[in-house]
Every structure is written in structure tokens, then in C-alpha cells.
Amino acid sequence: MSFQDYIINVKGKKIVTAEKYIRSLEKMKDLIEQKYGAVITCDFLSINKPSEFKALIEKFESNLDLVLLNLKWHHILSAAYNNYLKYLEYCESDIL
């Protein structure tokens with residue numbers, strides 16, 4: 001099941017919400033790269049281990065500028081990454 005399918009079929013959200021979450025994850029990646037001067041070689045949607053994604057969330061949340069930007073954008077970034085983390089955990093539990 002894709003992240004978009006999870007948001008629509010499991011979470012009961014509209015397709016526009018799923019699309020916003022996907023764009024927000026892409027933006028989150030760009031912001032982390034800019035703030036830390038790093039290059040993240042993978043697409044966030046290709047990460048399939050909750051522990052790896054949690055590490056990226058911690059990196060994001062440890063930067064005050066990024067936290068304030070998330071507040072300015074009405075928490076869309078954190079909504080996206082929290083839902084993606086729940087999706088990864090859902091997929092992991094579905095496998096077990």
C-alpha cells in the first residue's frame with residue numbers, strides 16, 4: 001500500500017490532503033538539506049524503516065528555524081511527517 005492510499009483509505013482523508021502531505025515531505029527534505037548543508041540521497045517516500053525516519057524528524061525538530069517555519073505554515077510539515085511515520089508503523093505491523 002502506498003502512502004497516498006494509506007492517507008485516503010485508512011485515514012479517510014481526501015486526495016488533496018495526501019498530495020499536500022507528499023509535497024510537504026519533499027519540502028521537509030529540501031529544508032533539512034539547506035539548514036544542515038547536507039545532501040539526502042534518497043526520496044523520503046522510499047524510507048521504509050520507522051527508526052530511520054524518526055532520526056530525520058529529530059533532525060528537523062532540533063532546528064528552531066525549521067520548527068518556527070512549521071508553525072508559520074500551520075503545522076503542515078509536522079502533519080505530513082507524523083502521518084508518514086504512522087504509515088511506516090502501520091506497514092511494519094501489517095508485515096508482522
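Above this note sits the structure.
By convention here, each chain's residues receive numbers from 1 onward along its written sequence. Local features in a predicted model are, by the rule used here, given only for residues with pLDDT of at least 70; side-chain atom pairs are given and counted only at 80 or more, and totals for whole chains, interfaces and linings are based on all residues. As a rule here, side-chain values cover all heavy atoms of the structure and leave hydrogens and water aside.

Participant: Got a minute to help me understand the side chain of serine 78 in this structure?
Facilitator: Helix numbers and strand numbers start at the N terminus; a helix is a DSSP run of H or I with at least 4 residues, a strand a run of E with at least 2. In this structure, serine 78 sits in helix 5 (residues 76–95). Residue exposure (1.4 Å probe, protein chains only): buried if accessible area is under 20% of the type maximum, exposed if over 50%, otherwise partly exposed. Judged by its relative accessible area of 12%, serine 78 is buried. By the criterion applied in these results, polar contacts are pairs of N or O atoms within 3.5 Å in which, for protein atoms, one can donate a hydrogen and the other can accept it, and in which residues neighboring in sequence qualify only through two side-chain atoms. Separated by 3.2 Å, the side chain of serine 78 and the backbone oxygen of histidine 75 make a polar contact.

Participant: So what exactly am I meant to see when it comes to the nonpolar core here?
Facilitator: The nonpolar side chains of soluble globular proteins are, as a tendency, buried together. Within this scheme, the nonpolar core is defined by two criteria: the residues are buried Ala, Val, Leu, Ile, Met, Phe, Trp, Tyr or Cys, and they are joined through side-chain atoms within 4.5 Å. In this structure, Phe3, Leu25, Met28, Phe44, Phe53 and Phe60 are the most contacted members of the largest nonpolar core, which totals 26 residues. Listing elements by their share of this core, those giving two or more residues are helix 1 (3–10), helix 2 (15–36), helix 3 (50–61), helix 4 (64–72) and helix 5. Residue contacts follow a heavy-atom distance rule, with two residues in contact if any of their heavy atoms lie within 4.5 Å. Once residues within four sequence positions are removed from consideration, leucine 25 is found in contact with Phe3, Phe44, Leu45, Phe53, Ala80, Tyr81 and Tyr84.

Participant: Looking at this structure, I do not really get helix 3. What am I missing?
Facilitator: Helical geometry note: an α-helix holds 3.6 residues per turn, so side chains three or four residues apart project in the same direction. One fewer than the residue count of a helix, multiplied by 1.5 Å, yields its expected span. End to end, helix 3 covers 16 Å across twelve residues, agreeing with the expected 16 Å (1.5 Å per residue, within 8%). Among the residues making up helix 3, those that are buried are Pro50, Phe53, Leu56, Ile57 and Phe60. The arc that holds the buried residues of helix 3, viewed along the axis, is 120 degrees, so those residues lie on one side. Projecting away from the buried face of helix 3 at angles above 90 degrees are the exposed residues Ser51 and Glu58. The directions considered for the arc run from the helix axis to the C-beta atoms.

Participant: Can you help me understand the packing of helix 2 against helix 3 in this one?
Facilitator: Helix-helix packing is described using two parameters, namely the angle between the two axes and the distance between the axes. Between N-to-C directions, angles cover 0 to 180 degrees, with each direction set by a line fitted to C-alpha atoms, over the stretch in contact for helices. One can describe the packing of helix 2 onto helix 3 by two numbers: an axis separation of 10 Å at closest approach and a directional angle of 60 degrees. Considering the angle they form, helix 2 stands oblique to helix 3. The chirality of how helix 2 crosses helix 3 is left-handed. Facing helix 2, whose interface residues are Leu25, Met28, Leu31, Ile32 and Tyr36, helix 3 presents Phe53, Leu56, Ile57, Lys59 and Phe60. Between 65 and 115 degrees an angle is taken as roughly perpendicular, under 35 as roughly parallel, over 145 as roughly antiparallel, and anywhere else as oblique. Note on convention: the crossing is left-handed when the near helix lies turned anticlockwise from the far helix by less than a right angle, right-handed when the turn is clockwise.

Participant: Explain the pattern of salt bridges to me, please; I cannot follow it from the model alone.
Facilitator: Side chains carrying opposite charge are able to pair once their charged atoms draw close together. Within this document, salt bridges are pairs made up of a side-chain nitrogen of Lys or Arg and a carboxyl oxygen of Asp or Glu, the two lying within 4 Å of each other. In the structure shown here, the tally under the stated rule is two salt bridges. The salt bridge involving lysine 35 is made with aspartate 65; its shortest N-O contact spans 3.1 Å. Here lysine 35 is found in helix 2, whereas its partner aspartate 65 is found in helix 4, with 30 residues between them in sequence. A relative accessible area of 45% means that aspartate 65 is categorised as partly exposed. A salt bridge links lysine 54 to glutamate 89; the nearest nitrogen and oxygen atoms lie 3.9 Å apart. Here lysine 54 is found in helix 3, whereas its partner glutamate 89 is found in helix 5, with 35 residues between them in sequence.

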